[in-house]
Amino acid sequence: MQNALSVVTVVVVGLMVGVEFAVAVFVNPILDRLPDNGGLAARSDGARVLGRVMPFWYIGSVLLGVTWAVTAWGDAGTGLVVTAAGLLVLSVLMSIALLVPINSRAAQWTRDTAPADWRQQLGRWDRLHYLRVAVIVTAFALLVVALA
């Protein structure tokens, strides 16, 4: 049971890291290069779609990490899992406090309704997202080491 839980946790967190890394490094930069602000509609749609899915993924990752930490308490590597779970909690707090407010606004934007500073707001979201990606990549790496 413990082994299955640790593998499921690593897979779920790893997939989340992959999605968030791809958004940060590939998807958003590509969308931002579209001519005539073409990326605005795509990023707005992405904010809506991922804004519905990612909260469950983040919270599920936290719950899996905490469950693994509790069930493995006292075993070798538990400190790594506890630290990773703490980083996943931090990523959720960062999301709620910093990224969700921008994402919620961006999800409503169209070419006609976007504010004049929409690029600056999305740039801030991107910078905060890079930081969040670093946090979840670190959590993932700790979970992988704990699994080994």
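Placed above this text is the structure.
Notes on the structure in this doc start here. Since the model is a prediction, treat every value here as computed from it, not as a measurement. (Residues numbered from 1 in each chain as written. Predicted model: local features only at pLDDT ≥ 70, side-chain atom pairs only at ≥ 80, totals over all residues. Heavy atoms only, no water.)

Further remarks concern the overall build of the protein chain. Of regular secondary structure, the protein chain possesses four helices and zero strands. Traced from its N-terminal end to its C-terminal end, the protein chain shows the element sequence α-α-α-α. When its C-alpha atoms are laid out on the principal axes, the protein chain stretches across 55 × 25 × 20 Å. A burial count over the protein chain gives 39% of its 148 residues as buried. Look at the contacts in the protein chain between residues 6 or more apart in sequence, and 81% of them connect residues 24 or more apart. Accessible surface, the protein chain as shown: approximately 7,900 Å² in total, 71% of it carbon and sulfur. Each charge sign in the protein chain was given a centre, from 10 positive and 8 negative side chains, and these centres are 3 Å apart. (Helix = DSSP H or I, 4+ residues; strand = E, 2+ residues; numbered from the N terminus. Buried < 20%, exposed > 50% of the residue type's maximum accessible area, 1.4 Å probe, protein only. Contact = heavy atoms within 4.5 Å. Areas by Shrake-Rupley, 256 points an atom, 1.4 Å probe, with all protein chains shown as cover. Lys, Arg positive; Asp, Glu negative; His and termini not counted. Charge placed at Lys NZ, Arg CZ, Asp CG, Glu CD.)

Let us now look at a nonpolar patch on the surface. Side chains of F21, V25, F26, V27 and I30 sit close together on the surface and give an oily, nonpolar patch of about 430 Å² of accessible area. Mapped onto the elements, I30 comes out in helix α1 (residues 2–32). (Patch = residues over 30% accessible without salt bridge, like charges linked within 9 Å, V, L, I, M, F, W, Y side chains within 5 Å. Salt bridge = Lys/Arg side-chain N within 4 Å of Asp/Glu carboxyl O.)

In this section: the packing of aromatic side chains. Here the structure, examined in full by the defined rule, presents one aromatic pair. Judged by centre distance (6.3 Å) and plane angle (75 degrees), the ring pair of F21 and F26 falls under edge-to-face. Given the relative accessible area of 39%, F21 is considered partly exposed. (Phe/Tyr/Trp six-rings, centres within 6.5 Å; stacked < 30°, edge-to-face > 60°.)

Counting residues in each nonpolar core, the largest one holds 23 residues, and the members touching the most others are M16, Y58, W68, V81, L88, I136 and L143. In this view, W68 contacts Q2, L5, S6, T9, V10, V81, L143, A146 and L147; residues no more than four positions away in its chain are not counted. Listed in part, the eight residues of the second largest apolar core include A47, A106, A114 and L122. (Core = buried A, V, L, I, M, F, W, Y, C linked by side-chain atoms within 4.5 Å.)

Turning to its location among the elements, A146 is positioned in helix α4 (residues 118–147). Spatially, the C-alpha atom of A146 lies 9.6 Å from that of A84, the residues being 62 residues apart in sequence. If near-sequence neighbours (up to four positions away) are discounted, A146 is found in contact with W68, G77, L80 and V81.

Within the element layout of this structure, S61 appears in helix α2 (residues 38–71). Under the relative-accessibility criterion, S61 is labelled buried at 0%. Setting aside residues no more than four positions away along its own chain, S61 makes contact with V12, V13, M16 and L88.

One side chain can pair with another of opposite charge once the charged atoms of both are near each other. On inspection of all chains with the given rule, the structure shows four salt bridges. For E20, the salt bridge goes to R132, with nearest N and O atoms at 3.5 Å. Within this pair, whereas E20 is found in helix α1, its partner R132 is found in helix α4, the two being separated by 112 residues in sequence. For R132, a relative accessible area of 7% corresponds to the buried category. A salt bridge links D126 to R43, with the nearest nitrogen and oxygen atoms 2.7 Å apart. Pair noted here: D126 is in helix α4 and R43 is in helix α2, with a separation of 83 residues, a long-range link. One exposure class covers both D126 and R43, and it is buried.

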